[in-house]
Amino acid sequence: MRLFSDLRSSLWIHVKGWLFLVIVVLAGGALLLQIPSWQNAALLLIALWAVSRWYYYAFYVVEKYVDPSYRYAGLGHLIRYLLTRKSNP
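Residues numbered from 1 in each chain as written. Predicted model: local features only at pLDDT ≥ 70, side-chain atom pairs only at ≥ 80, totals over all residues. Heavy atoms only, no water.

Enquirer: Describe the overall build of the chain, and please don't skip the residues or the numbers.
Expert: Within the chain, the secondary structure is distributed over three helices and zero strands. When the helices and strands of the chain are placed in sequence order, the string is α-α-α. Within the chain, the fraction of its 89 residues that count as buried is 13%. Element-wise, carbon and sulfur atoms account for 69% of the exposed surface of the chain, whose accessible area totals about 8000 Å². (Helix = DSSP H or I, 4+ residues; strand = E, 2+ residues; numbered from the N terminus. Buried < 20%, exposed > 50% of the residue type's maximum accessible area, 1.4 Å probe, protein only. Areas by Shrake-Rupley, 256 points an atom, 1.4 Å probe, with all protein chains shown as cover.)

Enquirer: Explain helix 2 (residues 38-66) to me, using residue names and the numbers behind them.
Expert: Where helix 2 bends most, the angle comes to about 45 degrees, and this point is Tyr60. Inspection of helix 2 places Ala41, Leu44, Ala58, Val61, Val62 and Glu63 among the buried residues, and these make up the whole buried set. Looking at the packing, one finds that the buried side of helix 2 touches helix 1 (10-34) and helix 3 (75-84). (Bend = angle between axes of the 7 residues up to and from the residue. Contact = heavy atoms within 4.5 Å.)

Enquirer: Lay out the packing of aromatic side chains with the relevant residues and their values.
Expert: In this description, an aromatic ring pair is defined by two values, namely the gap between the centres and the angle between the planes. Scanning the entire structure with this criterion turns up three aromatic pairs. With a centroid separation of 5.3 Å and 25 degrees between ring planes, the pair formed by Tyr56 and Tyr60 is classed as stacked. Remark: Tyr60 and Tyr56 occur in helix 2; sequence separation between them is four residues, near one turn of the helix. On the accessibility criterion, Tyr60 (34% relative accessible area) is partly exposed. When the ring of Tyr60 is compared with that of Tyr65, the centres are 6.1 Å apart and the planes differ by 75 degrees; the resulting orientation is edge-to-face. Each member of the aromatic cluster is reached from another via a ring pair, and the members are Tyr56, Tyr60 and Tyr65. (Phe/Tyr/Trp six-rings, centres within 6.5 Å; stacked < 30°, edge-to-face > 60°.)

Enquirer: Can you explain the nonpolar core? Please cite residues and give values.
Expert: Grouped together as the largest cluster of nonpolar side chains are five residues: Ala58, Val62, Tyr72, Leu78 and Tyr81. Of all the secondary structure elements, the ones that give two or more residues to this core are helix 2 and helix 3. (Core = buried A, V, L, I, M, F, W, Y, C linked by side-chain atoms within 4.5 Å.)

Enquirer: Which residues make up the side chain of Glu63, and what values do they have?
Expert: Checked against the element boundaries, Glu63 lands in helix 2. If sequence neighbours within four positions are ignored, Glu63 has contacts with Pro68, Tyr70, Arg71 and Tyr72.

Just distances and angles here, no functional claims.
Structure representation (structure tokens):
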């Protein structure tokens, strides 16, 4: 097994997803504990919502609606694709 091979086990995919949620909760909680205010909580929620929508755009919308023939493996591939593709009129 390669150290950085593609993750294929559904169990470990779920574990990884939940660990990301734990990271978000801990990081967000730490930020709010440092400077607790409703304004900071609202800004944090807006930032989380916006990055979630951007992630949806980057890994779903481009592949499903913009160019269904293109497949990419990460943000580096997406950026290269966006910079080198020809614009549609």
